[in-house]
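Structure assessment
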Amino acid sequence: MKNFHDESTERLFKVISEISSPEECSAFFEDICTIKEIMDMAQRLDTAILLDGGSSYQKIADEVGVSTATISRVNRCLNYGAGGYRTAIDKLNGDKNGNK
């Protein structure tokens with residue numbers, strides 16, 4: 001994958017990392033993304049969660065409404081990517097258990 005890290009993207013990541021509440025995060029993403037982009041990202045996270053839980057591609061396609069190509073890409077990132085999905089899933093699982 002082409003290296004996309006530059007001053008502008010680093011600034012974006014810094015701003016996102018400093019958002020301190022779900023309300024602030026929602027407001028920021030509503031301003032910076034289209035509703036479709038937000039929904040697509042949410043579907044990808046849902047896909048990663050279901051893959052991590054052992055769901056089949058067909059079940060995910062039916063439940064989330066994504067193509068098998070999207071599921072395959074998410075699966076590849078979940079298993080061989082930069083670790084972003086893993087970190088997000090672990091944080092969500094920690095939150096369910098009362099951890100941070």
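Residues numbered from 1 in each chain as written. Predicted model: local features only at pLDDT ≥ 70, side-chain atom pairs only at ≥ 80, totals over all residues. Heavy atoms only, no water.

**Side note on the environment of Leu78**
- Topologically, Leu78 is positioned in helix α5 (residues 68-80).
- On the basis of relative accessible area, Leu78 is assigned to the buried category, the value being 14%. (Helix = DSSP H or I, 4+ residues; strand = E, 2+ residues; numbered from the N terminus. Buried < 20%, exposed > 50% of the residue type's maximum accessible area, 1.4 Å probe, protein only.)

**Quick look at the layout of surface pockets**
- Roughly 1,600 Å³ of volume is contained in the largest pocket.
- Lining the largest pocket are 28 residues, with Ile16, Phe29, Met41, Gly84 and Ala88 sitting closest to its centre.
- Looking at the lining of the largest pocket, the element that brings in the most residues is helix α6 (residues 84-96), giving 6 residues.
- As for the second largest pocket, its lining consists of Pro22, Cys25, Ser26, Phe29, Ile38, Met41 and Ala42. (1 Å grid on protein atoms, 1.4 Å probe; cavity = no way out; pocket = protein on both sides within 12 Å on 5 of 7 lines; lining within 4 Å. Points joined across faces, edges and corners; volume = space filled by probe spheres on them.)

**Considering the pattern of salt bridges**
- The tally for this structure, following the rule as stated, stands at 5 salt bridges.
- Here Glu18 ties to Lys14 by a salt bridge, and the two come within 2.3 Å at their closest N and O atoms.
- Using a relative accessible area of 48% as the deciding quantity, one classes Lys14 as partly exposed.
- Residue Asp52 pairs with Arg86 through a salt bridge whose shortest N-O separation is 2.5 Å. With Asp52 in helix α3 (residues 35-52) and Arg86 in helix α6, this pair connects stretches of sequence that are 34 residues apart. (Salt bridge = Lys/Arg side-chain N within 4 Å of Asp/Glu carboxyl O.)

**What to know about a nonpolar patch on the surface**
- A cluster of nonpolar side chains, Phe4, Leu12, Phe13 and Ile32, forms an exposed patch at the surface whose accessible area comes to about 330 Å².
- For Leu12, a relative accessible area of 31% translates into the label partly exposed. (Patch = residues over 30% accessible without salt bridge, like charges linked within 9 Å, V, L, I, M, F, W, Y side chains within 5 Å. Areas by Shrake-Rupley, 256 points an atom, 1.4 Å probe, with all protein chains shown as cover.)

**Examining the packing of aromatic side chains**
- Inspection of every chain in the model, using the stated rule, returns 2 aromatic pairs.
- Arranged with centres 6.1 Å apart and planes meeting at 80 degrees, the rings of Phe4 and Phe13 form a pair that is edge-to-face.
- You can call Phe13 partly exposed: its relative accessible area is 33%.
- Look at Phe28 and Phe29: their rings are 5.7 Å apart centre to centre, the planes differ by 90 degrees, and that puts the pair in the edge-to-face class.
- The class for Phe28 is partly exposed, based on a relative accessible area of 22%. (Phe/Tyr/Trp six-rings, centres within 6.5 Å; stacked < 30°, edge-to-face > 60°.)

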